[in-house]
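Each chain, written out:
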Amino acid sequence: MLAAIGSAVGIGNIWRFSSVVGQNGGGAYLVPYLLAVLCFAVPLMVLEMSVGRHLRADVVSSFGRAGRSFRAFGWLISLILLLILSYYLVITGWTLAYLAFSLLGIDVAFSDFTSSLQPVAYFLISALATGVVVSSGVKRGIERLVSVLVPFAFLILLALALFCLSLPGAQTGMSFLFRPDYSMLLRPGLWSAAIGQAFFSLSVGMGILITYGAYLDDDADIPKSALIVTVSDLLAAILAGIAIFSLVFTFGLPPTAGAELAFITLPKAFELISYGPILGVAFFALLFSAALTSAVSMLEVNVAAVMGQTGMSRRKASFLLTMALIAIGLPSALSYSSIGLSFFGSRILDLLDGTVGTLGLPIAAFLVAMVFRWFMDEHLLYSQLGVLSSWMRPLPFLTKYAIPTVLMIITILSLMEH
Ligand code: TRP
């Protein structure tokens with residue numbers, strides 16, 4: 001469960017949540033976000049964990065159990081994850097670099113950083129670190145890592161949020177974060193942003209929880225585990241939001257930017273404030289820990305799939321996939337370096353995020369819900385969940401009809417925008 005929390009709590013909670021809130025008019029966004037989490041993300045998470053524990057297999061074999069030809073979907077999802085991971089690790093590298101800079105007490109402007117070759121070096125370190133953890137095994141690698149980093153990340157978050165609440169701009173920040181503006185609710189874009197962010201933030205719909213579910217004890221209570229993961233993820237996002245908006249409003253900085261927020265806006269605030277250097281170290285240590293435990297979960301899905309399908313050892317599968325990851329991620333890393341690699345005018349990293357990162361998730365989640373609810377025995381769910389308690393009663397309907405429909409609409413809408 002800590003590993004699932006580690007997967008969920010990532011860069012997404014710390015800056016993606018804040019920037020989506022910022023772009024969507026603050027507190028109003030929380031209503032559709034909570035609804036999306038409860039009605040779509042949590043039921044799919046329960047389904048994924050149940051599939052994982054029922055079949056105790058990797059994603060490809062799990063899809064294969066619904067029908068041999070569905071194995072291709074398992075591979076497709078693994079590929080999407082590998083592509084997302086390839087640029088997620090570039091950003092993980094940036095967080096590591098800024099952790100190093102703040103430990104050394106040097107100020108490096110983001111534009112100077114990205115006009116050197118340093119981003120490539122930090123990307124390589126992050127990819128190798130992820131590979132080493134996964135290669136050490138589920139117990140010796142992943143569990144050991146998350147049992148240190150997840151509590152550590154929450155401690156830092158709590159301390160940061162409490163400290164930032166004492167700043168003069170905290171009140172304005174809080175009313176921005178929690179102020180409802182119901183007129184925004186009529187904008188359809190708000191709803192699909194909320195659903196996208198809910199799935200991304202909870203790492204749902206990508207087979208991660210199928211893979212982790214396979215390692216779940218027989219007596220673990222799946223709905224309860226899903227709720228704990230969800231509440232932890234929400235808490236992380238809200239604590240990060242409290243810290244970020246208090247800082248931003250104290251110094252009159254723009255609240256909207258995403259990557260810019262973490263690497264340009266907040267470092268400015270850290271320069272101006274007392275205890276700034278310590279805050280900087282804490283913030284980047286938090287970002288790096290959160291990113292690493294998410295990266296590990298994405299690689300584990302691929303390693304488990306390759307091991308399950310080829311009988312390869314964990315070491316060999318981890319080594320080969322890490323090498324592949326480095327090869328695929330290098331163009332993204334180079335796109336934010338002195339080389340500035342781009343394609344039709346946009347940097348490779350942004351291009352991947354705008355295509356695979358945006359479309360891959362609803363497509364993968366759609367396949368998971370469709371295949372496991374329409375082509376597999378209904379018994380699967382009930383064998384894992386027992387008699388459904390009252391709050392779980394809508395789950396069979398939601399996972400079978402509502403979620404695939406909503407995901408299809410979102411996919412089509414975002415295809416039309418492209
Ligand atoms: N949930 C993580 C975050 O908030 C990111 C993440 C981990 C993810 N695994 C994923 C996103 C799989 C999409 C798919 O940053």
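Bear in mind the structure is a predicted one, so any value in this text is a computation, not a measurement. (Residues numbered from 1 in each chain as written. Predicted model: local features only at pLDDT ≥ 70, side-chain atom pairs only at ≥ 80, totals over all residues. Heavy atoms only, no water.)

### Points about the site of the ligand
Selection rule: Being near a molecule or strand, for a residue, means having at least one of its heavy atoms within 4 Å of it. We call two N or O atoms a polar contact when they sit within 3.5 Å, provided that within protein one can donate a hydrogen and the other can accept it, with sequence-adjacent residues counted only if both atoms are side-chain atoms. Method for areas: the Shrake-Rupley scheme with a 1.4 Å probe, in which residue coverage is limited to the protein chains shown. Numbered from the N terminus, helices here are DSSP runs of H or I no shorter than four residues, and strands are runs of E no shorter than two. By the convention adopted, Pro, Cys, Tyr, Trp, Phe, Met, Ile, Leu, Val and Ala count as nonpolar, Lys, Arg, Asp and Glu as charged, and the other residues, Gly among them, as polar.
In the vicinity of the ligand lie 15 residues, with Ala8, Gly12, Tyr88, Phe200 and Ser203 positioned nearest. In the environment of the ligand, a nitrogen atom lies 2.8 Å from a nitrogen or oxygen atom belonging to the backbone of Phe200. The separation between a nitrogen atom of the ligand and a polar side-chain atom of Ser203 is 3.0 Å. Look at the ligand: alone it shows 360 Å² of surface, and the protein chains cover 100% of it. Listing elements by their share of the shell around the ligand, those giving two or more residues are α1 (2–8), α2 (11–23), α5 (71–104), α10 (188–202) and α14 (276–310). Among the elements that line the shell around the ligand, the one with the most residues is α2, at 3 residues. Looking at the shell around the ligand residue by residue, the class counts come to 8 nonpolar, 7 polar and no charged.

### Focus: the packing of aromatic side chains
This is how it is decided: What counts as a ring pair is set by centres within 6.5 Å for rings of Phe, Tyr and Trp (its six-membered ring), and what kind of pair is set by the plane angle: stacked under 30 degrees, edge-to-face over 60, tilted for all other angles. Partly exposed describes any residue whose relative accessible area lies between the buried limit of under 20% and the exposed limit of over 50%, with all areas from a 1.4 Å probe on protein chains only and scaled to the type maximum.
Counting across every chain of the model gives 28 aromatic pairs. Centroid distance Phe63 to Phe372: 4.8 Å. Interplanar angle 55°. Geometry classified as tilted. Linking Phe63 in helix α4 (residues 59–66) with Phe372 in helix α16 (residues 348–374), this pair joins segments that are 309 residues apart in sequence. Summarising the burial analysis for this pair, Phe63 and Phe372 share the class buried.

### Section: the side chain of Thr95
Filter applied, for reference: Note on definitions: a residue-residue contact is assigned when non-hydrogen atoms from the two residues lie within 4.5 Å.
Structurally, the position occupied by Thr95 is in helix α5. Taking the relative accessible area as the measure of exposure, Thr95 reaches 0% and is therefore buried. The contact partners of Thr95, leaving out residues within four places of it in the chain, are Phe263, Phe284, Leu287 and Phe288.

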